[in-house]
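# Coordinate inspection notes
Each chain is listed here by its residues.
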Amino acid sequence: MFPTEEFKKLQTPFYYYDTNLLRQTLQEIRENTDGYMHVHYAVKACANPKILSIIAQEGFGADCVSGGEIRAALQAGFPANKIVYAGVGKSDWEIELGLEAGIFAFNVESIPELEIINELALLKGKKARIALRINPNVGAHTHANITTGLAENKFGIDMQDMEHIISLASEMKGVEFIGLHFHIGSQILEMDDFAALARRINELQERLEASGIHAIENINVGGGLGIDYQEPDHNPIPDFHAYFETYRKNLRLRPGQQLHFELGRAIVGQCGTLIARVLYIKSNPIKNFCIVDAGMTDLIRPALYDAYHHIENLTAESSHDYVTYDVVGPICESSDVFIKNYGMPHTRRGDLIAFRSAGAYGEIMASGYNCRTLPQGYTTEDLKA
Ligand code: LLP
């Protein structure tokens, strides 16, 4: 499955992106969406320029959370009118960049932010299209660090304030209110969580209509669809049918209303793998450590969220002879551990190790801690060239 012979020639650690799988994943999304459904790829999951340009070429929009991401998206070829921009702390220059580019919508997260967008737009003689990010107070069954839709989270505008802020926005000359935005969290595998969000949106729409607010053109339900980290080979493509069907069945859209999604992990998660080389095997009376040349600086998810990434030895001599290892990196931190007590075929110095399902929040979250070099990213096309 992996071009292991090519891998052997490359400097490790590096990310490998299977662009055939990426294209199949995008195709599956297309097959499960209708004309009124618009998928914006959440650039925060992976901003590797080659990955971005494939997603742009395939006609998807982009969901950005910073000026840097807006620039990366434009450079990769995403049209400005398919870019949405969220974030609780947008700087003035970032808002100006969005205004100049003419992005589809600013997802606004507070009244002070709305006022600044209005001011900056007026100074430029422009009108900013804005969607209000509403905190739906809907929980999601996922890791506490990646839930976003609860009242205790910093994101979005409280539902109580909704009518007030919509009426404020409608009086401002520099902004045009075009929709509502929601997002409940990430790595969500229970469709009931998305159904709960859809039902909450139905209630909100009824409430708004009762107070005379009609014709909301766009509903953006955010992202959050999870992937199978345990069995990436069995489930390389998430169940998009179930996901989009959940919204089709549970969300009552008004005639002409457009539905937007911001999927990150579900698009790129399974197509990326971190490849590392084994430096040393070290044993003491209670442990065998497999020390690899990738660390938490290359893939921080295990250290930060206790995340599981399936690990494979791509070059093991025997696939029978299992040994239990703690797979660890070289960083001077006790939390630089990928996994503890993990059964792998007998492993030697020089073996290539694959950390699977690392396409989302992998390369993009890499850091230079310990003055490390950032990992390279290669695609299927690069290795053929
Ligand atoms: N839209 C908004 C407003 C978001 O905050 C996020 C993710 C997404 C869309 C995309 O969510 P996705 O479809 O990828 O679940 N670093 C963490 C995940 C952080 C997610 C942040 N927000 C991880 O490695 O699990």
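Here is what the cut-offs are and how they apply
- Residues numbered from 1 in each chain as written.
- Predicted model: local features only at pLDDT ≥ 70, side-chain atom pairs only at ≥ 80, totals over all residues.
- Heavy atoms only, no water.
- Helix = DSSP H or I, 4+ residues; strand = E, 2+ residues; numbered from the N terminus.
- Buried < 20%, exposed > 50% of the residue type's maximum accessible area, 1.4 Å probe, protein only.
- Contact = heavy atoms within 4.5 Å.
- Domains from an automatic or database assignment.
- Buried area = accessible area lost by both parts, 1.4 Å probe.
- Salt bridge = Lys/Arg side-chain N within 4 Å of Asp/Glu carboxyl O.
- Polar contact = N/O pair within 3.5 Å; in protein donor to acceptor, adjacent residues only side chain to side chain.
- Nonpolar A, V, L, I, M, F, W, Y, C, P; charged D, E, K, R; others polar.
- Axes fitted to C-alpha atoms, helices over the stretch in contact; angles between N-to-C directions.
- Parallel < 35°, antiparallel > 145°, perpendicular 65-115°, else oblique.
- Left-handed = near helix turned anticlockwise from the far one by under 90°.
- Disulfide = S-S within 2.5 Å.
- Core = buried A, V, L, I, M, F, W, Y, C linked by side-chain atoms within 4.5 Å.

## Details of the environment of Ala-198
Turning to its location among the elements, Ala-198 is positioned in helix α8 (residues 191-210). Overall, Ala-198 belongs to the buried group, its relative accessible area being 0%. For Ala-198, the residues in contact, after removing those within four places along its chain, are Tyr-247, Asn-250 and Leu-251.

## A look at the domain arrangement of the protein
Assigned domains within the protein: domain 1 (4-12 + 270-384) and domain 2 (19-269). Distance from the C-alpha centre of domain 1 to the C-alpha centre of domain 2: 33 Å. Across the domain 1/domain 2 interface, buried area totals approximately 2200 Å², and carbon plus sulfur atoms make up 50% of it. Of all residues in domain 1, the largest losses of buried area upon contact with domain 2 belong to Gln-270, Cys-271 and Tyr-361, amounting jointly to 31% of the total for that side. Connecting domain 1 to domain 2 are three salt bridges. As a salt-bridge pair, Asp-233 and Arg-356 come within 2.9 Å of each other at their nearest N and O atoms. Counting across the domain 1 and domain 2 interface gives 15 residue pairs in polar contact (both at pLDDT 80 or more). Those elements giving two or more residues to the side of domain 1 that touches domain 2 turn out to be α11 (301-305), β17 (376-379) and α12 (380-384). Residues of the side of domain 1 that touches domain 2, tallied by class, amount to eight nonpolar, ten polar and six charged.

## A closer look at unusual backbone geometry
In the segment running from Thr-12 into Pro-13, the intervening peptide bond is cis, with an omega of -10 degrees. The backbone phi angle of Ser-357 is positive, close to 55 degrees, even though this residue is not glycine. Along the chain, Ser-357 turns up in the loop between β16 (352-355) and β17. Unlike most non-glycine residues, Cys-371 shows phi in positive territory, near 55 degrees. Structurally, the position occupied by Cys-371 is in the loop between β16 and β17.

## Some points on the packing of helix α7 (residues 162-171) against α8
The N-to-C vectors of α7 and α8 enclose an angle of 60 degrees; their axes lie 11 Å apart at closest approach. Relative to α8, the element α7 lies oblique. Viewed along their axes, α7 and α8 form a crossing whose handedness is right-handed. Packed against α7, whose contacting residues are Met-162, Glu-163 and Ile-166, the element α8 presents Leu-204, Arg-207 and Leu-208 at the interface. In terms of residue class, the contact of α7 with α8 is made up of four nonpolar, no polar and two charged.

## Some words on the state of the cysteines
All told, the structure shown has zero disulfides when counted by the stated rule. You can see Cys-64 has no disulfide; the closest cysteine sulfur is in Cys-46, sitting 13 Å from it. For Cys-64, a relative accessible area of 0% puts it in the buried group. Sulfur of Cys-371: no disulfide; nearest cysteine sulfur belongs to Cys-332 and is 12 Å away.

## Topic: the nonpolar core
Ile-130 and Val-268 are the most contacted members of the largest nonpolar core, which totals 98 residues. Looking at this core element by element, the count peaks at seven residues for α8. Each of two domains, domain 1 (4-12 + 270-384) and domain 2 (19-269), supplies a minimum of three residues to this core. Setting aside residues up to four positions removed in sequence, Ile-130 forms contacts with Phe-106, Val-108, Leu-114, Ile-117, Ala-169, Val-175, Glu-176, Phe-177, Ile-178 and Gly-179. With ten residues, the next largest nonpolar core counts Tyr-16, Ala-354, Tyr-378 and Leu-383 among its residues.

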